[in-house]
Amino acid sequence: MEYHALHKKAVACMRLSEIIGWGVLLLILGATRLVLLFKHILLPLWPDLCLLGLVAFAVLFCLLVPPVRYRRYRYHIDPEQVVVVEGLWFISRSIAPMERIHQISVKSGPIDRLYGLAQVEAVTAGGKVTIRFLEKQVADEITDFLQQHIKHIVTEQGQQGSEVGTHA
């Protein structure tokens, strides 16, 4: 089975997403600390050390995690199934059989659009499989392929159903 890797822009997109997420958390914690400081509420040294440690952890996380996620992220599409392998600590493998897919969509958030990326979401009755961090053109090509293939499957099943009905 041949897996496809993501475009290099995915690392920058992942990194910016992490920076924004960690930035919001650290901004809230830092603002809370400043409010306590301005209200002359004295705290022991350990909360400040914990905040400093969290800042250091966030910086390392934003630098080191996106390249690891990028290397582990793979997807495969064939006439039978859509497979996505991803994860940081725990690696998951999501599989959607082609004949079970009933809805396909292309989504692109503000950070994705900044990098010209999108995600393809294939929904089945049992859940969904999402291929993230795709170049917009690749996402459109995958969507077209999936739509054509599913249309072919539905047509085939319709013909088989009508043949069964005429022989009964």
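Given the structure is predicted, the values throughout are model-derived calculations rather than measurements.

So, unusual backbone geometry
Working step 1: In this model, His-40 sits at a positive phi of 60°, which is unusual for a non-glycine residue.
Working step 2: Mapping His-40 onto the fold places it in the loop between α1 (9-38) and α2 (45-72).
Working step 3: Under the relative-accessibility criterion, His-40 is labelled exposed at 70%.
Working step 4: With phi around 60°, Phe-133 is a residue other than glycine that occupies positive phi space.

A word on α1
Working step 1: Look at α1: 42 Å from first C-alpha to last across 30 residues, which is about the 44 Å you get at 1.5 Å a residue.
Working step 2: Buried residues of α1: Ala-10, Val-11, Cys-13, Met-14, Glu-18, Trp-22, Leu-26 and Arg-33, and no others.

Some points on the packing of aromatic side chains
Working step 1: A full pass over the atoms with the stated rule returns four aromatic pairs.
Working step 2: One aromatic cluster is present, formed by Trp-22, Phe-57 and Phe-61 through successive ring pairs.

Regarding the nonpolar core
Working step 1: Counting residues in each nonpolar core, the largest one holds 28 residues, and the members touching the most others are Leu-6 and Val-82.
Working step 2: Looking at this core, the elements with two or more residues in it are α1, β1 (74-77), β2 (81-86), β4 (101-107), β5 (117-124), β6 (127-135) and α4 (136-167).
Working step 3: With five residues, α4 is the single largest residue contributor to this core.
Working step 4: Residues within four places of Leu-6 in sequence aside, it is in contact with Met-14, Tyr-70, Tyr-73, Tyr-75, Arg-132, Phe-133 and Leu-134.
Working step 5: Counting residues in hydrophobic clusters, the runner-up holds seven residues, among them Trp-22, Ala-58, Phe-61 and Cys-62.

Here's the deal with the pattern of salt bridges
Working step 1: Within this structure, the stated rule accounts for seven salt bridges.
Working step 2: Taking the shortest distance from any N to any O, the salt bridge between Lys-107 and Glu-121 comes out at 3.2 Å. Residue Lys-107 is located in strand β4, and its partner Glu-121 is located in strand β5; the two are separated by 14 residues in the primary sequence.
Working step 3: For Lys-107, a relative accessible area of 37% corresponds to the partly exposed category.
Working step 4: Take Glu-121: its relative accessible area is 9%, and that puts it in the buried class.
Working step 5: A salt bridge links Asp-140 to Lys-136; the shortest N-O distance between them is 3.1 Å. Of this pair, Asp-140 and Lys-136 are both found in helix α4, four residues apart, which corresponds to roughly one turn of the helix.
Working step 6: The partly exposed category is assigned to Lys-136, whose relative accessible area is 38%.
Working step 7: Within this structure, Lys-107, Glu-121 and Lys-128 form a network of salt bridges that share partners.

Rules of the game
Along each chain, residues carry numbers from 1 onward, in the same order as the chain's sequence is written. Per-residue local features of the predicted model are confined to residues with pLDDT of at least 70, and side-chain atom pairs are confined, for both listing and counting, to 80 or more; whole-chain, interface and lining totals are unaffected and use all residues. Hydrogens and water are ignored here; the side-chain numbers use all heavy atoms of the structure. By the criteria applied, helices consist of DSSP H or I runs no shorter than four residues and strands consist of E runs no shorter than two, each listed in order from the N terminus. Exposure is judged per residue with a 1.4 Å probe applied to protein chains only, and the accessible area is read against the type maximum: over 50% gives exposed, under 20% gives buried, and values in between give partly exposed. Helix span is expected to be 1.5 Å times the residue number reduced by one. Between 30 and 60 degrees the pair is tilted, below 30 it is stacked and above 60 it is edge-to-face, where a pair is any two Phe, Tyr or Trp rings, Trp via its six-membered ring, whose centres lie within 6.5 Å. Put simply, buried Ala, Val, Leu, Ile, Met, Phe, Trp, Tyr and Cys residues joined by side-chain atoms within 4.5 Å make one nonpolar core. Residue contacts are defined here by distance: any two heavy atoms, one from each residue, within 4.5 Å place the two residues in contact. Think of a salt bridge as a Lys or Arg side-chain nitrogen and an Asp or Glu carboxyl oxygen that are within 4 Å of each other.

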